[in-house]
Amino acid sequence: QGQQALKDGSLQTAQYSLSGAVAIQSAPFLELLLARTEMALGNPDKSLKLSLSVLKGDKSNSIACSLCARSLYLMSDFGPAEKHWREALRLDPDNTEAAVWLKRCKKVTVAVKAARAAVYSRQFEEGVDLFTQALAADPDLVITVRKSEKEAREAGEEDKQ
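Residues numbered from 1 in each chain as written. Predicted model: local features only at pLDDT ≥ 70, side-chain atom pairs only at ≥ 80, totals over all residues. Heavy atoms only, no water.

Trainee: Run through the nonpolar core, naming residues and quoting values.
Mentor: Counting 34 residues, the largest nonpolar core has Tyr 73, Phe 78, Ala 81, Trp 85, Cys 105 and Val 112 as the members making the most contacts within it. Where this core is concerned, the elements lending two or more residues are helix H3 (28-40), helix H4 (44-57), helix H5 (62-74), helix H6 (78-91), helix H7 (96-120) and helix H8 (124-137). (Core = buried A, V, L, I, M, F, W, Y, C linked by side-chain atoms within 4.5 Å. Buried < 20%, exposed > 50% of the residue type's maximum accessible area, 1.4 Å probe, protein only. Helix = DSSP H or I, 4+ residues; strand = E, 2+ residues; numbered from the N terminus.)

What follows is the structure, encoded as structure tokens:
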């Protein structure tokens, strides 16, 4: 029922149904369906937790590896996302979804790093242009700069000393 609801786009119903099923029987297939549902609902942290749980039980599950990568990517944790997509491709070289996402992640990573560097060196117009390029590579991406903000504050404190 949850799988059909996910296919139909009824995400709340899928989440409810799959959560109940996972609570009764913790099967990797059900956990990965719930992980996809959570990701579609905009909960990459829950999706990551579920897919890591499946990976903990089966390190050779390329689908779980790919879902981990996608969750990390949506949380703007690009380095570990790339690592997981590479692992998914190592486990299943025919995984075209992982190959496409890995390529997209590489483009976004380069653009975001350059944009953050521009912003923190106070070159705001260049930063906006570079963030625009990152969004052009993946319009659905929500770019967060929390980690870089902390790094910039630390670098600013070092400059004062």
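Having seen the model, we can carry on.
Trainee: An account of the packing of H3 against H4 is requested, with residue identities and associated values reported.
Mentor: At their nearest, the axes of H3 and H4 sit 8 Å apart, and the two run at 160° to each other. In this view, H3 runs roughly antiparallel relative to H4, as classed from their interaxial angle. The handedness of the crossing between H3 and H4 comes out as left-handed. Residues Pro 28, Glu 31, Leu 32, Leu 34, Ala 35, Glu 38 and Met 39 of H3 form the contact with H4, whose own contacting residues are Lys 46, Ser 47, Leu 50, Ser 51, Ser 53 and Val 54. (Axes fitted to C-alpha atoms, helices over the stretch in contact; angles between N-to-C directions. Parallel < 35°, antiparallel > 145°, perpendicular 65-115°, else oblique. Left-handed = near helix turned anticlockwise from the far one by under 90°. Contact = heavy atoms within 4.5 Å.)

Trainee: How would you explain the pattern of salt bridges if you had to name every residue and give the values?
Mentor: Counted under the stated rule, the structure contains two salt bridges. Arg 86 is the partner of Glu 82 in a salt bridge, and the nearest nitrogen-oxygen pair spans 3.3 Å. One end of the pair is Glu 82 and the other is Arg 86, both in helix H6 and four residues apart, which spans about a single turn. Arg 86 sits in the partly exposed class, given a relative accessible area of 42%. Here Glu 87 and Arg 90 are joined by a salt bridge, their closest N and O atoms 2.6 Å apart. Highlighted residues: Glu 87 and Arg 90, both in helix H6, separated by three residues, approximately one helical turn. Taking the relative accessible area as the measure of exposure, Arg 90 reaches 55% and is therefore exposed. (Salt bridge = Lys/Arg side-chain N within 4 Å of Asp/Glu carboxyl O.)

Trainee: Could you give an account of the packing of aromatic side chains, with specific residues and numbers?
Mentor: Tallied over the full model, the rule gives four aromatic pairs. Above the ring of Trp 101, the side-chain terminus of Arg 104 is found at 4.4 Å from the ring centroid. (Phe/Tyr/Trp six-rings, centres within 6.5 Å; stacked < 30°, edge-to-face > 60°. Lys NZ or Arg CZ within 6 Å of the ring centre and 35° of its normal.)

Trainee: Any details on H5? Residues and values, ideally.
Mentor: Between its first and last C-alpha, H5 extends 18 Å over 13 residues, near the 18 Å set by a 1.5 Å rise per residue. Within H5, burial applies to Ser 62, Ala 64, Cys 65, Ser 66, Leu 67, Cys 68, Ala 69, Ser 71, Leu 72 and Tyr 73. Between a side-chain oxygen at the N-terminus of H5 and the backbone nitrogen of Ile 63 the separation is 3.1 Å; the capping residue is Asn 61. Of the residues trailing H5, Ser 76 is marked for its positive phi of about 60°. (Expected span 1.5 Å × (residues − 1). Polar contact = N/O pair within 3.5 Å; in protein donor to acceptor, adjacent residues only side chain to side chain.)

All quantities given are derived from atomic positions and should not be read as evidence of function.
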